[in-house]
Amino acid sequence: MLKIKYPKNRQAFEKEFLGQLAVTGIQKNYEKLKKKAPLSKLKLPDDVTEILTGPIEKIARWSFDVVQHQKCQPECGKKGRGAKKCKPGCLRKELLSTFNYGYYDTVISAFFLQQQKNSVLNLKTCFFCNMTFIYAFENKPEYINKENFYWLAPAKAFHGIAYTRQLAVKKLLDAREAKIPFKDLSAQQKGIVEHDFLKAGLMKKHFTLDHFLHKSLHPLLGLSLYNFVPSCYACNSLMKGDKAIAEFATEVDLSPTHSDFKLQKEFQFRLYFNEDCNLIAKSDDFLLLHNRTAKSNRRYLNIFKILPRYRFHKDIILDLIKKSQQYPDSRIQEMADQVGLDWQSLKEHIYGKNLFHGDCAAQPMTKMLRDVAEDIELTGTKSSADT
């Protein structure tokens, strides 16, 4: 529902992300796969970093092309009902192994946590629904930072990441014994420290990372930066799961990571009532619907059950309507003159600054409230389409 705002220095942002991954190893495995049919017949990039940090519109085209040539179905390799056994040389299985999110999930989460902490990314509310806060918090750290953890943590605190394990951990501990500074460690060793630093319980996250194009169907994009959408647990696990929001490469502009994300502009909440807004007294006096919008947009709204979830909060809308009834502009001007405040500041105090300033992502349900404010002709509010 809301577009993700990435930093202006995109090159540094992407470079830092790549630093969390063993890119050389991924490149070698990718090159082996690329020599085999059917990938050898497809127009895929030679450099794997183009897949890892390419824009969603470009990597989606590659991935949909690969999906068309996969012989295995998304169910292969799964357990339980409907599972299918992978065939030898299963392309999907090999891609999942090469772009293995399970190996890197902790360090990728740590990367997003750090971007939030450094105010590089504005992770405040779920980008899919704008209903729930997403954030990270510190949990009474025993260690000041990663470097402090590196020097002081007992050897048993270092477990390593799935792709490293015992040998890499031993080399890390040998480096510490040799008094090698943290800044001089390899990228892989720093990754281990970061992984185990987080595992020590120093930082917790109150969000999930969703693969917009689900990794089970699009294994090529299992580690792609712009395929990750920070979201709430309800949207990621309870609503979306492995459902396809974009059924074609041309529909990936429904991803909040897309440079021309269309839903925030094209979709609007709409308030319907019989006569005069001033006659609304209870939540049953109005309906919360949405404007006419494209079929692909409606698929998004249905997957995340946007309207049913928002209708549960009609009391918030009713509160806004009652304030508009109680505080028309003439009344606010009168009060402002009495207390010596300017009209706009007093109005923001009554209705909340999030209706007039800032990003919709800063507070839950801001998009809905701005759309409703427009419907009831509340003057001076900011459009929800502004990004």
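Model, not experiment: these values are computed from the prediction.

Colleague: For unusual backbone geometry, give the residues involved together with the corresponding values.
Modeller: At K305, a position not held by glycine, the phi torsion is positive, near 50°. Structurally, the position occupied by K305 is in the loop between α12 (295–303) and α13 (306–311). The backbone of E377 shows a phi angle near 60°, a positive value even though the residue is not glycine.

Colleague: Outline the packing of aromatic side chains, supporting the account with residue identities and numerical values.
Modeller: Within this structure, the stated rule accounts for 17 aromatic pairs. Centre to centre, the rings of F17 and F111 are 5.4 Å apart; their planes meet at 65°, and the pair counts as edge-to-face. Here F17, found in helix α1 (residues 10–18), pairs with F111, found in helix α6 (residues 101–117); they are 94 residues apart in sequence, far enough to count as distant. Here the two residues F17 and F111 agree in accessibility, since each one is buried. On the basis of an interplanar angle of 70° and a centroid distance of 4.9 Å, the ring pair of F267 and F269 is categorised as edge-to-face. For F269, a relative accessible area of 0% translates into the label buried. Following the ring pairs from residue to residue traces out a cluster consisting of Y6, F13, F17, Y101, F111, F112, Y226 and F228. Lying across the ring of F182, K190 places its NZ or CZ 5.9 Å from the centre. If you follow K314 out to its NZ or CZ, it ends over the ring of F286, 4.6 Å from the centre.

Colleague: Which residues make up helix α16 (residues 343–351), and what values do they have?
Modeller: Regarding α16, the residues found buried are L346, K347, E348, I350 and Y351. Looking one or two residues beyond α16, the residue adopting positive phi is G352, at roughly 100°.

Colleague: Talk me through a nonpolar patch on the surface; I want residue IDs and the actual numbers.
Modeller: A contiguous nonpolar surface patch, about 260 Å² in accessible area, is contributed by F133, Y135 and F137. Along the polypeptide, F133 turns up in the loop between α6 and β1 (136–138). Owing to a relative accessible area of 38%, F133 belongs among the partly exposed residues under this scheme.

Criteria and cut-off values
- Residues numbered from 1 in each chain as written.
- Predicted model: local features only at pLDDT ≥ 70, side-chain atom pairs only at ≥ 80, totals over all residues.
- Heavy atoms only, no water.
- Helix = DSSP H or I, 4+ residues; strand = E, 2+ residues; numbered from the N terminus.
- Phe/Tyr/Trp six-rings, centres within 6.5 Å; stacked < 30°, edge-to-face > 60°.
- Buried < 20%, exposed > 50% of the residue type's maximum accessible area, 1.4 Å probe, protein only.
- Lys NZ or Arg CZ within 6 Å of the ring centre and 35° of its normal.
- Patch = residues over 30% accessible without salt bridge, like charges linked within 9 Å, V, L, I, M, F, W, Y side chains within 5 Å.
- Areas by Shrake-Rupley, 256 points an atom, 1.4 Å probe, with all protein chains shown as cover.
- Salt bridge = Lys/Arg side-chain N within 4 Å of Asp/Glu carboxyl O.

Nothing here speaks to function; it is geometry throughout.
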